[in-house]
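# Descriptive structure summary
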Amino acid sequence: MTKPIVLIAEELSPATVAALGPDFEVVNVDGTDRPALLGALATADAILVRSATQVDAEAIAAAPKLKVVARAGVGLDNVDIKAATNAGVMVVNAPTSNVISAAELAIGQLFALARHIPDANASLKAGEWKRSKFTGVEFYEKTIGIVGLGRIGTLVAQRLAGFGVNLIGYDPYVTPARAEQIGVTLATLEEVMAKSDFITIHIPKTPETTGLIGAEQFKLAKPNLRIVNCSRGGIIDEPALYEALKSGQIAGAGLDVFVQEPPKDNPLLTLPNIVVTPHLGASTDEAQEKAGISVAKSVRLALAGDLVPDAVNVAGGNIDSSVKPGIALMENMGQILFGLSGGNAVAIEVEVRGEIAAHDVSVLKLAGLKGFFQNAVTEQVSYVNAPLMAEQRGIDVKLTVDGHSEEYRNVTTIKATLADGTTSSVSGTVIGPKLLQKIVNINGYDVEVAMAEHFVTMVYTDRPGIVAVYGKAFAEAGINIAAMQIARQQKGGKALSVITVDSPVEAAVLEGVRVAIEAESMKSIDVNL
């Protein structure tokens with residue numbers, strides 16, 4: 001029997017090859033040699049890459065047997081996930097391989113700032129002996145703010161605890177009880193900016209977090225603040241940081257990430273009070289080895305047809321064919337629930353009703369959690385780490401199944417209970433030979449809306465003229481309404497409008513509509529389909 005061919009396109013550790021085992025034929029190719037890569041892909045069942053090999057649509061089209069693309073690392077910028085998904089090719093990475101390395105780098109940046117280590121090193125090597133010029137500050141009894149208390153932020157907190165510091169943190173998705181467990185006092189972003197002597201950032205880059213820390217936040221800071229970003233470029237507004245450092249509004253900054261990488265003609269690089277590194281968060285021998293071994297194990301699972309925990313585009317495994325269409329639906333509904341609830345959940349329940357309840361539907365719970373956390377954390381969310389994220393945040397997760405469904409052959413629901421006892425929920429189903437995803441209930445209101453990339457939901461008192469108000473506002477803002485549905489539970493009571501639009505709606509437009517119609521709730525929700 002012919003062994004599956006695993007193509008290794010970049011240098012990986014011997015431990016990675018060993019983790020693949022003897023059941024595969026391993027072929028090596030230089031992934032940067034385009035003709036050689038495309039030729040080798042013609043017979044490949046799997047390909048392992050790092051960051052240099054471009055696995056784009058052309059490469060995937062050249063690989064008719066390809067079943068899995070494995071990136072030995074976290075980022076997937078060099079893999080065309082959409083093209084892979086369209087071709088039925090699984091994409092996996094190693095989302096937890098670099099968490100310790102990233103946490104340690106952030107702490108290294110903090111120490112480098114506190115003790116002027118890079119500049120003192122350069123000065124001494126230049127033949128100088130200027131001890132007084134490099135007088136630093138201690139960590140002891142200082143306040144350190146951590147923005148983002150996911151896995152990396154938690155590791156940073158645990159490691160800093162031994163230095164006798166006061167830890168405060170900002171993370172709207174972490175409960176006070178969970179923060180207390182890791183020795184952090186929760187605070188608002190404004191409080192973190194105002195009280196901290198040091199700040200380190202560990203959050204994902206999303207439309208909401210881009211420019212999260214800018215000129216207004218720096219106005220609140222102490223003049224001795226030193227801030228570090230080893231997370232994603234752009235979370236700190238770079239022009240605002242430049243002005244704050246140049247004017248002495250804050251004392252220093254450490255950056256491992258930039259909006260443009262490598263940074264070109266970036267004025268930040270000209271300042272004396274900044275420490276910079278070239279995106280080294282995952283650049284340790286240990287992280288690289290962990291990444292290689294992790295994806296080798298994923299390749300073994302994928303080629304055996306088993307569930308692959310770190311798949312980023314599809315769920316593998318021995319899943320009944322009737323359950324599989326619901327995986328993407330649940331992941332999308334998880335994203336919608338996050339938008340509806342604001343993400344601050346203390347409990348999440350996934351309910352599966354109908355014929356598929358006769359099968360193992362546990363993957364639907366994983367898919368719902370994966371969607372819910374997709375924009376809440378720095379790490380890549382997968383089927384294996386989503387439950388851990390819920391556990392770390394003190395979120396109770398439950399799956400219930402029932403073989404009876406009144407209106408649809410199958411219907412799935414994901415519901416979040418918030419800290420104040422209120423709930424948010426969304427239900428959906430997959431219909432027809434084309435497996436169309438439909439939202440059939442939102443927060444108790446019956447609807448039937450096709451899945452889309454951009455939703456707006458609003459709850460208001462039912463009365464004439466409301467549609468004209470928001471229709472006019474969206475038209476003036478250049479927002480095209482693709483579909484619309486209004487649901488109500490009784491005449492003259494509360495009504496829910498669900499609108500799908502062709503592009504995101506700016507916050508100012510939403511706020512204008514909310515005020516104009518006196519809406520009880522107004523949400524803009526984006527879904528990464």
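Now for a description of the structure that goes with this document. Not measured: the values here are computed from a predicted model. (Residues numbered from 1 in each chain as written. Predicted model: local features only at pLDDT ≥ 70, side-chain atom pairs only at ≥ 80, totals over all residues. Heavy atoms only, no water.)

## Some words on the environment of Thr423
In this structure, Thr423 sits in strand 16 (residues 423–431). Residue class for Thr423 comes out partly exposed when judged on its relative accessible area of 45%. Taking C-alpha positions, Thr423 is 7.7 Å from Asn443, a pair spaced 20 residues apart along the chain. Setting aside chain neighbours within four positions, we find Thr423 in contact with Lys415, Ala416, Thr417 and Asn443. (Helix = DSSP H or I, 4+ residues; strand = E, 2+ residues; numbered from the N terminus. Buried < 20%, exposed > 50% of the residue type's maximum accessible area, 1.4 Å probe, protein only. Contact = heavy atoms within 4.5 Å.)

## Focus on the pattern of salt bridges
In the structure shown here, the tally under the stated rule is 16 salt bridges. Residue Asp402 pairs with Arg353 through a salt bridge whose shortest N-O separation is 2.9 Å. Here Arg353 lies in strand 13 (residues 345–354) and Asp402 lies in strand 14 (residues 396–402), a separation of 49 residues in the sequence. A residue is classified by how much of its surface remains accessible, and Asp402, at 29% relative accessible area, is partly exposed. Between Asp462 and Arg488 there is a salt bridge, and its shortest N-O distance comes to 2.5 Å. Of this pair, Asp462 sits in the loop between strand 19 (454–461) and helix 16 (466–476) while Arg488 is found in strand 20 (residues 481–488), placing the two residues 26 residues apart along the sequence. Here the salt bridges do not stand alone but share partners, grouping Arg34, Asp56 and Glu58 into one network. (Salt bridge = Lys/Arg side-chain N within 4 Å of Asp/Glu carboxyl O.)

## Things to note about the sheet that holds strand 19
Reading across the sheet, the four strands line up as 20-21-19-22 and stay open at both edges, with antiparallel pairing between neighbours. Of all the strands in the sheet, just strand 20 and strand 22 (521–526) have a single pairing partner and so form its edges. Across this sheet, the average inter-strand angle for adjacent strands is 15°, counted without regard to direction. Here strand 20 pairs with strand 21 (residues 494–501) via seven bridges, running antiparallel. For Ile481, the partnering residue across the bridge sits in strand 21 and is Val501. Most of the contacts of helix 16 go to strand 20, to which it runs at about 155°, and overall it touches strand 19, strand 20 and strand 21. (Pairing = 2+ DSSP bridges. Axes fitted to C-alpha atoms, helices over the stretch in contact; angles between N-to-C directions.)

These figures come from the coordinates and say nothing about function on their own.
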